[in-house]
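As a plain string of letters, each chain reads:
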Amino acid sequence: MTAALSARGLSKRYGTTTALDAVDLDVAAGELVGLLGPNGAGKSTLVKIACGLVRPTAGEAHVAGATAGSRAARASTGYLAELFRFPGWARADEVLALHQRLARSAGGAAEREALLARVGLSGEGGRRMETMSKGMQQRVGIAQALIGEPRLVLLDEPTSALDPGGRRTVRDLLVGLRDQGVGVLLNSHLLSEVELVCDRVVIVDRGRVVTEGRPEDLAAPGGVEVETSEGVRRLPDARREDVPRIVRELVAEGAEVYGVRVVSGTLEDAYLAAVVGRDG
């Protein structure tokens, strides 16, 4: 199946500044990929190239098999910018109708109603944007990114203004997109959200991909903790497969074992090691 997004040797220079340096990146159909990195790492430039808003200095990018920026690629792309703005006087239904015209979608009122329902805003189509909270406006923004059933959805900080309930709604929506074969590139600083929902993570720094992989593979093991009658014993070098042996040895020594916890690192640990560690 054709990849939702494929980038090869992607580079972008602004004068003497290199924003991207020979980046290779893929988002498969039905894959949720988290794009992480510090400010100025090149994430926004990569997303803008995928949208066709910026042309690369070198390399190429394809969306659903079409050259990024072409009419076919744009028709296959949905995008929500971090700093989106909708007219305050416009109703949610009017915002979606405008974007339907821009996307040349023939979905009509049925598509608009279905999309508002998907983001938890059923019955809110007649409400003006200026009366909505920032979180509700953000959900309207996510709805507009899904107009026309895109093959690739690019989301820039889509949960930054949402409360826990809203974040759960968006996570469920992303899982639904994956089940439908849609590729999603999620640019976020909320590492806990990325860790919960993404199949794979790509970390960029100074215009280069510094590491990538599944969140659980990037997070290094943190050892084993055993609660005994003598207190908690911490074994930082132990792994999950060592637990039965550890318990047997402790019981043989006369200790009473009340609980065992396999400690694993977090995506935040992996991120800091990949990015901050490069400065050291």
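Up top is the structure.
Rules of the game
For every chain, the first residue of the written sequence is number 1, and numbering continues from 1 onward in sequence order. Two thresholds apply to this predicted model, a pLDDT of at least 70 for residue-level local features and 80 or more for giving and counting side-chain atom pairs, whereas whole-chain, interface and lining totals are computed over all residues. No hydrogens and no water enter the side-chain calculation; it runs on all heavy atoms of the structure. Grouping buried Ala, Val, Leu, Ile, Met, Phe, Trp, Tyr and Cys residues that are joined through side-chain atoms within 4.5 Å yields what is termed a nonpolar core. Buried residues are those whose accessible area, probed at 1.4 Å on protein chains only, stays under 20% of the maximum for their type, while exposed residues exceed 50% and partly exposed ones sit between those limits. Any pair of residues with heavy atoms lying within 4.5 Å of one another is described as a contacting pair. Strands were regarded as paired on the criterion that DSSP finds at least two bridges between them. Helix and strand labels come from DSSP, where a helix needs a run of H or I of at least four residues and a strand needs a run of E of at least two; each type is numbered from the N terminus. Where helices are involved, their axes are fitted lines through C-alpha atoms of the stretch in contact, as for all axes, and angles between N-to-C directions lie from 0 to 180°. A pair of sulfur atoms, both from cysteines and within 2.5 Å, is called a disulfide here. For this analysis, a ring pair means two rings from Phe, Tyr or Trp (six-membered ring only for Trp) whose centres lie within 6.5 Å, classed as stacked if their planes differ by under 30 degrees, edge-to-face if by over 60, and tilted for the remaining angles. Look at NZ for Lys and CZ for Arg. If either is within 6 Å of the ring centre and within 35 degrees of the ring normal, a charge sits over the ring. A pocket here means an open set of points on a 1 Å grid, computed over the protein atoms alone, that has protein on both sides within 12 Å along at least five of seven lines. A cavity is instead a set of points where a 1.4 Å probe fits but cannot get out; residues with an atom within 4 Å of a point line either one. Grid points are joined across faces, edges and corners, and a volume is the space filled by probe spheres set on the points. Three classes are used, and their members are as follows: Ala, Val, Leu, Ile, Met, Phe, Trp, Tyr, Cys and Pro are nonpolar, Asp, Glu, Lys and Arg are charged, and the others, Gly among them, are polar.

K.L.:
Sorry, what's going on with the nonpolar core here?
P.N.:
Side chains that are nonpolar tend, in soluble globular proteins, to be buried together. Counting 44 residues, the largest nonpolar core has L36, V140, L155, L174 and V184 as the members making the most contacts within it. Among all residues touching V140, those that are not within four sequence positions of it are F86, A92, V95, L96, L121, M129 and M132. With 28 residues, the next largest nonpolar core counts V54, V63, V202 and V204 among its residues.

K.L.:
Just checking my understanding: could you explain the sheet that holds strand β12 (residues 231-235) for this structure?
P.N.:
Working definition: the strands of a sheet are paired by backbone hydrogen bonds and lie parallel or antiparallel to each other. Pairing in this open sheet of 3 strands is antiparallel, and the strands run β12-β11-β13 from one edge to the other. Each edge of the open sheet carries a strand with a single partner, namely β12 and β13 (257-264). Averaged over all pairs of adjacent strands, the angle between strand axes in this sheet comes to 15°, irrespective of strand direction. Bridging between strand β11 (residues 221-228) and β13 involves 6 bridges; their strand directions are antiparallel.

K.L.:
In this structure, what is going on with the sheet that holds strand β6 (residues 77-80)? I would like to understand it.
P.N.:
Pairing within the open sheet is mixed, and its 6 strands lie in the order β6-β7-β8-β3-β9-β10. Here the strands that pair on one side only, and so sit at the sheet edges, are β6 and β10 (208-213). Between one strand axis and the next, the sheet turns by 15° as a mean value, whatever way the strands run. For strand β7 (residues 152-156) and strand β8 (residues 183-187), the ladder comprises 5 bridges, and the chain directions are parallel. When the sheet's bridge partners are listed, D156 is paired in β8 with N187. In the packing of helix α5 (residues 134-145) onto the sheet, contacts are made with β6 and β7, and the angle to β6 comes to roughly 165°.

K.L.:
Can you help me understand the state of the cysteines in this one?
P.N.:
Within the structure shown, the criterion is met by 0 disulfides. Lacking any disulfide linkage, C198 is separated from the closest cysteine sulfur, that of C51, by 17 Å. Given a relative accessible area of 9%, C198 falls into the buried group.

K.L.:
Can you walk me through the packing of aromatic side chains in this structure?
P.N.:
Given two aromatic rings, their pairing is described by the distance between the two centres and the angle made by the two planes. Enumeration according to the criterion identifies 1 aromatic pair in this entry. Considering the side-chain rings of F84 and F86, the 5.4 Å spacing of their centres and the 40° angle between planes classify their relative orientation as tilted. Exposure remark for F84: the relative accessible area of 8% places this residue in the buried category. The positively charged end of K12 is found above the aromatic ring belonging to Y14, 5.2 Å away from the centroid.

K.L.:
Please explain the layout of surface pockets as it appears in this structure.
P.N.:
Empty pockets left among the atoms are what a rolling probe the size of a water molecule brings to light. For the largest pocket, the calculated volume is near 650 Å³. Considering the residues around the largest pocket, the lining is formed by 20 residues, among which R74, A75, T77, L102 and A103 are closest to the centre. Elements that contribute at least two residues to the lining of the largest pocket include exactly α1 (43-51), α2 (71-75), β6, α3 (92-103) and α5. Counted by class, the lining of the largest pocket contains 10 nonpolar, 7 polar and 3 charged residues.

K.L.:
What should I look at first to understand the pairing of β8 in this one?
P.N.:
One face of the sheet, then the other: side chains in a regular strand alternate in exactly this way. Among the 5 residues of β8, 5 are classified as buried, and the element is accordingly described as predominantly covered. Side-chain alternation along β8 places G183, L185 and N187 on one buried face and V184 and L186 on a second face that is also buried. Of the strand pairs in this sheet, strand β3 (residues 32-36) and β8 are connected by 4 bridges, and their pairing is parallel. Looking at the pairing, G34 lines up with L186 of β8.

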